[in-house]
Amino acid sequence: MLFLRKEYFVSASKHQKLKVFEIYFDISESETLTQLCMTGNLNNIDKLKRSNVGGGLKLVVMSTHDRILCFSQVIRFVMFEYVPQTQTIQHSKEEADILHSLR
């Protein structure tokens, strides 16, 4: 279920590298972030309160350089470990552009 173990993966179909980056959010934004990611309505994601590393909630994004393939997963820190808040979600190129703009 998690895809956090490596720095990058390789797409089997196109042999492109999928690189990983993380965006940290305030833990109070957990439900809102989960809902935005699940519905694909990422237009308001930049309005969520961000956090420093270790803030308790992170969005892990994995995508190719051209952003044709893009996946994300919301992860929450609970009792000394990170626990998936959502399943891995595949995004469109437009959604990928929004996620990359948050970097």
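As a starting point, this report considers the structure included with it.

Parameters and conventions
- Residues numbered from 1 in each chain as written.
- Predicted model: local features only at pLDDT ≥ 70, side-chain atom pairs only at ≥ 80, totals over all residues.
- Heavy atoms only, no water.
- Helix = DSSP H or I, 4+ residues; strand = E, 2+ residues; numbered from the N terminus.
- Buried < 20%, exposed > 50% of the residue type's maximum accessible area, 1.4 Å probe, protein only.
- Phe/Tyr/Trp six-rings, centres within 6.5 Å; stacked < 30°, edge-to-face > 60°.
- Lys NZ or Arg CZ within 6 Å of the ring centre and 35° of its normal.
- 1 Å grid on protein atoms, 1.4 Å probe; cavity = no way out; pocket = protein on both sides within 12 Å on 5 of 7 lines; lining within 4 Å.
- Points joined across faces, edges and corners; volume = space filled by probe spheres on them.
- Nonpolar A, V, L, I, M, F, W, Y, C, P; charged D, E, K, R; others polar.
- Contact = heavy atoms within 4.5 Å.
- Polar contact = N/O pair within 3.5 Å; in protein donor to acceptor, adjacent residues only side chain to side chain.

1. Considering the overall build of the protein
Piece 1. For the protein, the count of helices and strands is two helices and six strands.
Piece 2. The N-to-C order of helical and strand elements in the protein reads β-β-α-β-β-β-β-α.
Piece 3. Its C-alpha atoms put the protein at 40 × 30 × 20 Å along the principal axes.
Piece 4. Counting the 103 residues in the protein, one finds 39% classified as buried.

2. Looking at the packing of aromatic side chains
Piece 1. Applying the stated criterion across every chain, the model contains one aromatic pair.
Piece 2. Of note, Lys58 hangs over the ring of Tyr82, and the distance from its end group to the ring centre comes to 4.0 Å.
Piece 3. Just above the ring of Phe21 sits the side chain of Arg103; from NZ or CZ to the centre is 4.2 Å.

3. Looking at the layout of surface pockets
Piece 1. Roughly 160 Å³ of volume is contained in the largest pocket.
Piece 2. Contributing to the lining of the largest pocket are Lys17, Lys19, Val20, Phe21, Ser63, Thr64, His65, Arg67, His100 and Arg103.
Piece 3. Here the lining of the largest pocket gets four residues from one element, more than from any other, and that element is strand S2 (residues 17-26).
Piece 4. In terms of residue class, the lining of the largest pocket is built from two nonpolar, four polar and four charged.

4. So, the environment of Gln16
Piece 1. Within the secondary structure layout, Gln16 lies in the loop between strand S1 (8-10) and S2.
Piece 2. Put simply, Gln16 and Arg67 are 51 residues apart on the chain and 11 Å apart in space, counted from C-alpha to C-alpha.
Piece 3. The contact partners of Gln16, leaving out residues within four places of it in the chain, are Phe9, Val10, Ser11, Thr64 and Asp66.
Piece 4. At 3.3 Å, the side chain of Gln16 forms a polar contact with the side chain of Asp66.

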